[in-house]
Amino acid sequence: MIRFLVFGDLHLEDCTDGLERLHAILRHAREEKVDFIVSLGDLCFPTEDYSPVMDALKNCGIPVHHTIGNHDVQEWDIAHSLKFLGKDRPYEAFEMGDYKFIILDTCYWKSEQGEFHFPNRERVPSLYPVVPEEQLSWLDAQLSDGKKYVIFSHMSLVNPFARRGIANKEDVQRLFAGRDVRLCMNGHDHGSDLKQIGGVPYYTVSSASQFCWWSVTPEKMEVKNLFYKDPLHVIVELGEDEIRIHGMESAFVGLTPEDVGVHDYRWNGVDVHPCAKSCVLRRE
Ligand SMILES: [Fe+2]
Ligand SMILES: [Fe+2]
C-alpha cells in the first residue's frame, strides 16, 4: 500500500512558529513511515532567510515533492523559485507501483496578450489562475499510459469562486474523462472541501498555519490571519478499492471566524473549521 503525507500553505513568512510547525509535520511523517511527502505550495518566500526550511525538508529522510504556489512566486520569477525548491520543472510526474503522481503548476494568468506565469504581484486584468495550453497537452500525454493517477495542484481544479479555482476547469476535467484518475488534491484555499465530479474526488487540504480572512471596501482593505493551533495536514493511503484520508482536529488560537463575522465557517467555497477532514473514498 502506498502512503504519503500532504500539507500546504504553511506561509512561513506569516507565522512566528512556522519552523516548529514544519518539524511537527516531518516528525509525524517519520512516525508514520510514509513513502513520500507532498507540499501543496505557499511554503515560504524563496529567500536566504528561509534556507532552514529547505534544510529541514532535504534532511528529513523522506522524498519531498513540491507544488508551486502563488506566494512562492510572489515577487520572484519561476526560475528563481524552482532553484530555491530544488525542482527541475514547474510541473512534473513521478511513479510508484501502478500509480503515477502528477504535480501541476496553476500559477498562470491569461490575458489578450497570452498566458503568463506569475510573479503574483504582476497580475493584470485577466483570467486567473489557469492551466495553460502547453501544460494541458503535457497532462493529456501523461494520462495516456493506462496507470492510476493522483493529481496535485496549488489552486483547486473545481472551486468556482473567483481567483480560487482555475478558470479553465472544464478543459482539465475533459482530460480526466475515461482515465483512471483516483484523486485530486489542492491547497491555496486555507480550508477543507471534498467534491466528487465525474467520478473523480477533489479534496482540498487546509493550511498548515492559518485561515486568511480579508475584507475590501472602497475605504480600506483589511487582512487578518486566524491561526490554526496545529499544523493541519493529512496522510493518504491508496488501497486497492478505496482511498483513506486521515485528517486531524485542531482549534483556533486567538481570533476565530466568528470574531470576523464568518459565522457559518464558509469562506470562498471551503469550510474553515480548524480541521483537515478524514474520509474514505470508494470507487463508484
Ligand atoms: Fe496560501
Ligand atoms: Fe495560494
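Attention in this report is confined to the structure presented alongside it. On a predicted model such as this, the values are computed, not experimentally measured, just so you know.

Right, let's talk about the coordination of the iron ion (ligand 1) for a bit. Put simply, a metal with four donors set out as a tetrahedron has ideal angles of 109.5 degrees, and one with six donors set out as an octahedron has ideal angles of 90 or 180 degrees. Taken together, the protein donors to the iron ion (ligand 1) comprise D9 (OD), H11 (NE2), D42 (OD) and H190 (NE2), at separations of 2.1 to 2.2 Å. Coordination at the iron ion (ligand 1) is irregular, judged from the four donor atoms that bind it and the angles of 88 to 177 degrees they form at the metal. In the primary sequence, the donor residues of the iron ion (ligand 1) line up as D-x1-H-x30-D-x147-H. In this structure, the iron ion (ligand 1) lies 3.4 Å away from the iron ion (ligand 2), the two metals sharing D42 as a donor. Of the two residues, H11 is situated in the loop between β1 (2-7) and α1 (18-31) and D42 in the loop between β2 (36-39) and α2 (51-58); the sequence distance between them amounts to 31 residues. A residue is classified by how much of its surface remains accessible, and H11, at 4% relative accessible area, is buried.

The subject of this paragraph is the packing of helix α4 (residues 133-142) against helix α5 (residues 169-176). Viewed as axis vectors pointing N to C, α4 and α5 meet at an angle of 15 degrees, and their least axial separation amounts to 10 Å. As judged from the angle between their axes, α4 and α5 are roughly parallel. Seen from above, α4 lies across α5 with right-handed handedness. Every residue of α5 that contacts α4 at L136, L139 and D140 is listed here: D171, V172, L175 and F176. Split into classes, the residues belonging to the contact of α4 with α5 amount to five nonpolar, no polar and two charged.

Another aspect to go through is the side chain of K148. Within the secondary structure, K148 is located in strand β8 (residues 148-153). Each residue touching K148, except ones within four places of it in the same chain, is listed here: D98, Y99, K100, D180, R182 and E240.

Together, V216, M221 and V223 make up an exposed nonpolar region whose accessible area comes to about 310 Å². Mapped onto the fold, V216 is located in strand β12 (residues 210-216).

Two strands pair when backbone bridges link them, and β12 and strand β13 (residues 221-228) are joined in this way by seven bridges, in the antiparallel orientation. Note that in β13 the partner of S215 across the bridge is E222. With antiparallel pairing between neighbouring strands as the criterion, β12 and β13 make up a hairpin whose turn holds four residues.

Attention shifts here to the coordination of the iron ion (ligand 2). Those protein atoms acting as donors to the iron ion (ligand 2) are D42 (OD), N70 (OD1), H154 (NE2) and H188 (ND1), and they sit at 2.1 to 2.3 Å. Taken together, the four donor atoms surrounding the iron ion (ligand 2) define angles of 88 to 159 degrees at the centre, an arrangement classified as irregular. Relative accessible area serves as the criterion here: at 0%, H154 is assigned to the buried category. Residue classification places H188 among the buried positions, given a relative accessible area of 6%.

Another point: the pattern of salt bridges. Side chains carrying opposite charge are able to pair once their charged atoms draw close together. Summed over all chains, the structure comprises 19 salt bridges. Taking the shortest distance from any N to any O, the salt bridge between R3 and E32 comes out at 2.7 Å. Taken together, the residues span a long stretch of sequence, with R3 in strand β1 and E32 in the loop between α1 and β2 at a distance of 29 residues. Relative accessible area serves as the criterion here: at 29%, E32 is assigned to the partly exposed category.

The rules behind these values
- Note that residues are indexed from 1 along each chain, following the sequence as it is written.
- Starting at A for chains and at 1 for ligands, labels are handed out in the order in which the entities are written.
- Per-residue local features of the predicted model are confined to residues with pLDDT of at least 70, and side-chain atom pairs are confined, for both listing and counting, to 80 or more; whole-chain, interface and lining totals are unaffected and use all residues.
- With hydrogens and water excluded, all non-hydrogen atoms of the structure serve as input to the side-chain values.
- Metal donors: N, O and S atoms at distances within 2.8 Å, or within 3.2 Å for Na, K and Ca, with water omitted from the atom set so that some sites may seem incomplete.
- Key to geometry: four donors with every angle between 85 and 135 degrees are tetrahedral; four donors are square planar and six octahedral where opposite donors lie over 155 degrees apart and all remaining angles lie between 65 and 115; all other sites are irregular.
- Helix and strand labels come from DSSP, where a helix needs a run of H or I of at least four residues and a strand needs a run of E of at least two; each type is numbered from the N terminus.
- Throughout this description, buried means an accessible area under 20% of the type-specific maximum (1.4 Å probe, protein chains only), exposed means over 50%, and partly exposed covers the range between.
- Working convention: axes come from line fits to C-alpha atoms, limited for helices to the stretch in contact. Angles between N-to-C directions cover 0 to 180 degrees.
- Should an angle fall under 35 degrees it is taken as roughly parallel, and over 145 as roughly antiparallel, whereas 65 to 115 is taken as roughly perpendicular and any remaining angle as oblique.
- We call a crossing left-handed when the near helix sits turned anticlockwise from the far one by less than a right angle, and right-handed when that turn is clockwise.
- A contact between two residues is defined here by any heavy atoms of the two lying within 4.5 Å.
- Note on residue categories: nonpolar means Ala, Val, Leu, Ile, Met, Phe, Trp, Tyr, Cys or Pro, charged means Asp, Glu, Lys or Arg, and polar means any other residue, Gly included.
- Patches here are clusters of residues that have more than 30% relative accessible area and form no salt bridge, with a 9 Å joining cutoff for like charges and a 5 Å cutoff for nonpolar side chains (Val, Leu, Ile, Met, Phe, Trp, Tyr).
- Here the open area of atoms and residues is found with the Shrake-Rupley method and a 1.4 Å probe, where only the protein chains shown may cover a residue.
- Between Lys or Arg on one side and Asp or Glu on the other, a salt bridge is scored when a side-chain nitrogen of the former is within 4 Å of a carboxyl oxygen of the latter.
- For two strands to count as paired, DSSP must find a minimum of two bridges between them.

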